[in-house]
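Remarks on the overall topology
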Amino acid sequence: MNSSSGPRQQIVPTNRYYWQVWLFLLLLVGFWLKLAYLKTSIYHTDEFISMLATKMVAQRGLPILPSGLFYDPGLLYSLISGALVALVGFAEPIARWPVILVSVFAIAAYYAVAHQLFGTRLAGLLAAGLATFDIFMIKWGVWARGYSQAHLFVLLGVTWLLTSTLKRPSRRGRFLAMIFLTAALFSHTLTLFALPPLVILLLIFTSVYRRDWLRQPGLWQEAIAGLFVFT
């Protein structure tokens, strides 16, 4: 009798705990890689102005430099790191810790986003693996700058925008996407350059595949509100 007539053995495991264990291991590896980079004491030149802004937040509540200049680049990072410095005191590694924690969380975010978009935990694990071992994400995940925060919020914002507009229409989801993208702008101003390609892709998708989504209730009001926020 042909053995293939029986139940087929599943190649990809379906037990969610199997994937959670692998994700947990990737999080540990990602955290270890960032700690290893932290111990090298290699600093990017732009980190020192961010650290100064962090110290000013701890002392004055806002990133107002000794010259009187309000330092708004990476504002969200400055506020978060400044709050930590106000609690435990300033040290260069301390100013980097909020970035490390955000970047480790981003690995889990990549897993969740890929799992949601592609409907398979394997895709989530592959995305998390790329986020763990990518050399730029390791560096950005340690530098005392707003790169990691902007990266995370762009990822979440784009995902929520696509799913709540095209896949499962939801006004609440679109507003949440707007909040994420606004947080990305306050993390790094270069995030603004990610928005035009996103708008172009939505227009192309609409004209080719889904013209009906333009009839979603309140969509144009939300688009005007989003344009107002990002200008």
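First, a word on scope: everything that follows refers to the structure included in this document. (Residues numbered from 1 in each chain as written. Predicted model: local features only at pLDDT ≥ 70, side-chain atom pairs only at ≥ 80, totals over all residues. Heavy atoms only, no water.)

A separate point is the overall build of the protein. If you tally the helices and strands in the protein, you get 10 helices and 0 strands. Ordered by position in the sequence, the α and β elements of the protein form the string α-α-α-α-α-α-α-α-α-α. Burial analysis of the protein (231 residues in total) assigns 40% to the buried set. Considering only residue pairs separated by 6 or more positions, the protein has 69% of its internal contacts joining residues 24 or more positions apart. (Helix = DSSP H or I, 4+ residues; strand = E, 2+ residues; numbered from the N terminus. Buried < 20%, exposed > 50% of the residue type's maximum accessible area, 1.4 Å probe, protein only. Contact = heavy atoms within 4.5 Å.)

Before going further, it helps to examine the nonpolar core. Counting 11 residues, the largest nonpolar core is built from Val 102, Ala 106, Ala 109, Val 113, Leu 152, Phe 153, Leu 155, Leu 156, Phe 180, Ala 183 and Ala 184. Secondary structure elements with two or more residues in this core: α4 (92-118), α7 (147-167) and α8 (171-187). Other than its neighbours up to four places away in sequence, Ala 183 contacts Leu 76 and Phe 153. In terms of nonpolar packing, the next biggest core, distinct from the first, is built from 9 residues, Trp 19, Leu 26, Ile 107 and Leu 125 among them. (Core = buried A, V, L, I, M, F, W, Y, C linked by side-chain atoms within 4.5 Å.)

It is possible for side chains bearing opposite charge to pair when their charged atoms get close. In total, this model carries 1 salt bridge according to the counting rule given. A salt bridge links Glu 47 to Arg 96, with the nearest nitrogen and oxygen atoms 2.8 Å apart. Taken as a pair, Glu 47 in helix α2 (residues 47-60) and Arg 96 in helix α4 lie far apart in primary sequence, 49 residues in all. For the residue pair Glu 47 and Arg 96, the accessibility class agrees, reading buried in each case. (Salt bridge = Lys/Arg side-chain N within 4 Å of Asp/Glu carboxyl O.)

Side chains of Tyr 18, Val 21, Trp 22, Phe 24, Leu 25 and Leu 28 sit close together on the surface and give an oily, nonpolar patch of about 590 Å² of accessible area. Among the secondary structure elements, Val 21 is positioned in helix α1 (residues 16-39). (Patch = residues over 30% accessible without salt bridge, like charges linked within 9 Å, V, L, I, M, F, W, Y side chains within 5 Å. Areas by Shrake-Rupley, 256 points an atom, 1.4 Å probe, with all protein chains shown as cover.)

Attention now moves to the packing of aromatic side chains. Per the counting criterion, the structure on display carries 8 aromatic pairs. Relative to Trp 97, the ring of Phe 31 lies with its centre 6.0 Å away and its plane at 45 degrees, an arrangement referred to as tilted. Here Phe 31, found in helix α1, pairs with Trp 97, found in helix α4; they are 66 residues apart in sequence, far enough to count as distant. Of the residues examined, Phe 31 reaches a relative accessible area of 28% and is grouped as partly exposed. Measuring from centroid to centroid gives 6.0 Å for Trp 140 and Tyr 147, while their planes differ by 45 degrees, and the two rings are tilted. Taken together, the aromatic side chains of Phe 136, Trp 140, Trp 143 and Tyr 147 make up a single cluster linked through ring pairs. (Phe/Tyr/Trp six-rings, centres within 6.5 Å; stacked < 30°, edge-to-face > 60°.)

So, about helix α5 (residues 121-133). In a regular helix each residue adds 1.5 Å, so 13 residues correspond to 18 Å; α5 covers 18 Å between its end C-alpha atoms and thus fits that length. Here α5 has its buried residues at Ala 123, Gly 124, Leu 125, Ala 127, Ala 128, Gly 129, Ala 131 and Thr 132. For α5, the secondary structure elements touched by its buried residues are α1, α4 and α6 (135-140). The backbone nitrogen of Leu 122 lies 3.2 Å from a side-chain oxygen of the residue at the head of α5, namely Thr 120. (Expected span 1.5 Å × (residues − 1). Polar contact = N/O pair within 3.5 Å; in protein donor to acceptor, adjacent residues only side chain to side chain.)

Bear in mind that shape data such as this cannot, by itself, settle questions of function.
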